[in-house]
Amino acid sequence: METDTTSTPAVAEAQARIDAEVALLRLPICALLTRRNALSPVSRLPHEILAMIFLYQAYSFYQDPRYSSTWGAPPWANISYICRHWRDVALNTPSLWSFLFVSPPRWTKELLSRTKMLPLRIRINVRYWSREEMIFLEQVTTDVTRIQDLSLKLPRSLAEGVFSKLSTPAQLLHTLRLFVTKSGVESMLVPDTLFSRETPALRTLELYRCHISWSSPTLTSLTSLRLRDIALSSRPTMTELLAMLCHIPDLAHLYLEDALSGAEHILASQHSLLSECLYLPRLLRLAVVAPFSAVVVFLSNVTVPSKTELRICCRHDTKFTPTYAPLYPLLQQRFNTTSDVGPVIHTLNIKTTEPDVGIVLSTSERDCDVPFYSMYGQRHLHEEWDRGIPLKLDIEFEAVSTKCWFRLMGDICDTIPMVHLRTLAHFATTNLSGPLPSWFFEVTFGNLQELRFIKLSQLHMQAWIPALSPALCQDELRVKSCGDIFAPALAELQVTAVICDYDCCRRGVCEGCDGSAWHLHEALARRKAKGHALKKLVIAGSIYVSNTQVEELCKVVDEVDWDGYTEASSDTSSSIDGEDAF
């Protein structure tokens, strides 16, 4: 039987009537769904709250340096497609569309129209110009007076052309970030014609591999200044820097990251550059990454309020072998406990990663996870502000020696009051911790009556185990220096990625070895016998530790938390998990 599949006018007319009926039914269904959605919790949020949520998402994208361009609608535009209510809120929030990246001309025009003449936030991050990027620049710079936040990351070959297009006054400009890549040996000088030097609202300025005239009146109204990776030939002298800061009275944030040259000659002359120290009364954050001599000279000529958070990284001076003594009076002044303004240090973090030594002091207890500058670089330098860390100090050595480490740590611990220290963390990735004698830790930290928590990471146990053990009657030097019990209030010990002595575990004897799990058990057993039992022991990722050893440790410690990691390779398990383990 044949079926006629041809469409006749009668069939088409019938389909059209059915489509009309469907449309009549769809409209009331959509209206019912809209009424139903209006009863959901998210739809009952006030419009202002929903708009704030949308703005937070857009701002997060804008602040993320990984997000530099959009070859279509910006990601947060999708919220306008969820439902009618969300679309109405989004389209009636002009500030939501004021975050601009390099976009196709059609979308740039649409976004600019949605802003309804509000101030603009613009971020341009390009490696080379394409036609679309040129059109985008023309579109967003048509009215420079609307720009409130501008971030430019460009190669030097393009920067000059872009700066020439930004020659009219920017009355609303509040934040300006200039990143010049491929700048060569010398940093690029930003021309005076930029915005005709008329930026009365400018408060935040960041310069990366570029610089301006250090006497520019543009700087006087700033509250935040960041100079980073300035070429040696373009860096301000210490005198120029201090003169510049004298004219920025409202400065709250100051970041000098590889922007200062060594000041060996000034440090050697031992004379002050100013008749009296420059006081920055409103400064809340200060970060200095510079050669040691520049750090000391700068801190010797500048004073800050006690509430100011400091991030200091002392780089090695290539032409100067420093004695670190000039640094200690500055720290002592900062942590003066003779008055009520000095911060109380509760946590000390020590890091030894060749060739660097890092120290982090914190007013928070158990604050052991703070990153060190020389381990993680500038990317993490500003991640932990406002966390009650008054000082983060990194000191770089050209070559670390045990003797140098002794002197540095001993002097700093003598300089900064540690009487209320409750947390001590020691992180090491070099063999520096291996030969350290136990008396160093006993003498340096043995008198800390409030020390409750110790965390040891990636080091050998040779020096720490004798320190944890109560003194024998013949240890007259130790008893005199730190008493019978090291850290009598110690309640918890955490060892992570620590290497116990494998040979001693096999032999079951001690001939100069004190780094095995057996010796840890012995030390903690003696503490318990003296009435100072450890409440908790945490062992994680540490090799040459066995089930039998952990069982024995449970007899002298109230709680043992072990991750079950045993040894470096399977062929050693039988030799450390037998009767000779303890």
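Computed from a prediction, not measured in an experiment: that's the story for all the values here.

Analysis parameters
- Residues numbered from 1 in each chain as written.
- Predicted model: local features only at pLDDT ≥ 70, side-chain atom pairs only at ≥ 80, totals over all residues.
- Heavy atoms only, no water.
- Helix = DSSP H or I, 4+ residues; strand = E, 2+ residues; numbered from the N terminus.
- Buried < 20%, exposed > 50% of the residue type's maximum accessible area, 1.4 Å probe, protein only.
- Contact = heavy atoms within 4.5 Å.
- Areas by Shrake-Rupley, 256 points an atom, 1.4 Å probe, with all protein chains shown as cover.
- Arc of directions from axis to C-beta.
- Patch = residues over 30% accessible without salt bridge, like charges linked within 9 Å, V, L, I, M, F, W, Y side chains within 5 Å.
- Salt bridge = Lys/Arg side-chain N within 4 Å of Asp/Glu carboxyl O.
- 1 Å grid on protein atoms, 1.4 Å probe; cavity = no way out; pocket = protein on both sides within 12 Å on 5 of 7 lines; lining within 4 Å.
- Points joined across faces, edges and corners; volume = space filled by probe spheres on them.
- Lys, Arg positive; Asp, Glu negative; His and termini not counted.
- Charge placed at Lys NZ, Arg CZ, Asp CG, Glu CD.
- Polar contact = N/O pair within 3.5 Å; in protein donor to acceptor, adjacent residues only side chain to side chain.
- Pairing = 2+ DSSP bridges.
- Phe/Tyr/Trp six-rings, centres within 6.5 Å; stacked < 30°, edge-to-face > 60°.
- Lys NZ or Arg CZ within 6 Å of the ring centre and 35° of its normal.
- Core = buried A, V, L, I, M, F, W, Y, C linked by side-chain atoms within 4.5 Å.

(A) Region of the structure containing the overall build of the protein chain. From N to C terminus, the protein chain includes 19 helices and 21 strands. Across the 582 residues that make up the protein chain, the buried fraction comes to 48%. Counting only contacts in the protein chain whose residues sit at least 6 apart along the sequence, the fraction spanning at least 24 positions is 72%. A total of about 28300 Å² of accessible surface is found on the protein chain, and carbon and sulfur atoms cover 54% of it.

(B) Inspection of helix H7 (residues 238–246) at higher detail. Taken as a whole, H7 has its buried residues at Met-238, Leu-241, Leu-242, Met-244 and Leu-245. Projected down its long axis, H7 shows its buried positions confined to an angular sector of 160 degrees, all on one face.

(C) Region of interest: a nonpolar patch on the surface. A surface patch of nonpolar side chains, amounting to about 300 Å² of accessible area, comprises Leu-25, Ile-29 and Leu-33. Summarising the element assignment, Leu-33 is placed in helix H1 (residues 9–37).

(D) Geometry of empty space enclosed by the protein. Following the criterion strictly, the structure yields three cavities of 30 Å³ or more and no others. Here the largest cavity is characterised by a volume of approximately 180 Å³. What lines the largest cavity is a set of 16 residues, and nearest its centre among them are Val-190, Pro-191, Leu-194, Ile-212 and Thr-218. Breaking the lining of the largest cavity down by element, the ones donating at least two residues are strand S4 (175–181) and strand S6 (204–208).

(E) Here's a closer look at a negative patch on the surface. A cluster of acidic residues, Asp-558, Glu-559, Asp-561 and Asp-563, forms a negative patch on the protein surface. Considering the arrangement of structural elements, one finds Asp-561 in strand S21 (residues 557–562).

(F) Spotlight on the pattern of salt bridges. One pass over the structure, following the stated rule, counts 16 salt bridges. Here Glu-257 ties to Arg-226 by a salt bridge, and the two come within 2.9 Å at their closest N and O atoms. With a gap of 31 residues between them, Glu-257 in strand S9 (residues 253–257) and Arg-226 in strand S8 (residues 224–228) connect regions that are remote in the sequence. Since its relative accessible area comes to 0%, Glu-257 is described here as buried. Put simply, Glu-309 and Arg-311 hold a salt bridge, and the shortest N to O gap is 3.4 Å. By relative accessible area, Glu-309 is classed as buried at 9%. Put simply, Asp-149, Arg-177, Glu-206, Arg-226 and Glu-257 are held in one network by salt bridges that share partners.

(G) Broad picture of the side chain of Asn-349. If you trace the backbone, Asn-349 turns up in strand S14 (residues 347–353). From its side chain, Asn-349 meets the backbone oxygen of Asp-367 in a polar contact 3.0 Å long.

(H) Broad picture of the pairing of strand S2 (residues 120–125). Sheet topology note: the strand S1 (residues 99–100)/S2 ladder contains two bridges and is parallel. The partner of Leu-100 across the bridge, within S2, is Ile-122.

(I) Up close: the packing of aromatic side chains. Following the criterion strictly, the structure yields eight aromatic pairs and no others. Summarising the aromatic geometry, the rings of Phe-61 and Trp-76 are spaced 6.0 Å apart at their centres and angled 45 degrees between planes, so their arrangement reads as tilted. Pair noted here: Phe-61 is in helix H2 (residues 47–63) and Trp-76 is in the loop between H2 and helix H3 (84–91), with a separation of 15 residues, a long-range link. Taken together, the aromatic side chains of Tyr-59, Phe-61, Tyr-62, Trp-76, Phe-99 and Phe-101 make up a single cluster linked through ring pairs. The lysine or arginine in question, Arg-114, covers the ring of Trp-97, its NZ or CZ lying 4.5 Å from the ring centre. Stacked on the ring of Phe-453, the Lys or Arg Arg-366 has its end atom at 3.9 Å from the ring centre.

(J) Focus on the nonpolar core. Judged by nonpolar contacts, the single largest core of 144 residues is most densely connected at Leu-225, Phe-298, Leu-348, Phe-445, Ile-454 and Leu-537. Looking at which element gives the most residues to this core, the answer is helix H9 (residues 292–301), with seven residues. Excluding residues within four positions of it along the chain, Leu-225 makes contact with Leu-205, Leu-219, Met-244, Ile-248, Leu-251, His-253, Leu-254 and Tyr-255.

(K) Main features of a positive patch on the surface. A contiguous patch of positive charge, built from Arg-127, Lys-153, Lys-182 and Arg-209, is present on the exposed surface. One can find Lys-153 in strand S3 (residues 147–155).

(L) Up close: the side chain of Gln-549. Within the secondary structure, Gln-549 sits in helix H18 (residues 547–553). Residue classification places Gln-549 among the buried positions, given a relative accessible area of 1%. In this structure the side chain of Gln-549 is engaged in a polar contact, spanning 2.8 Å, whose partner is the backbone nitrogen of Ser-546.

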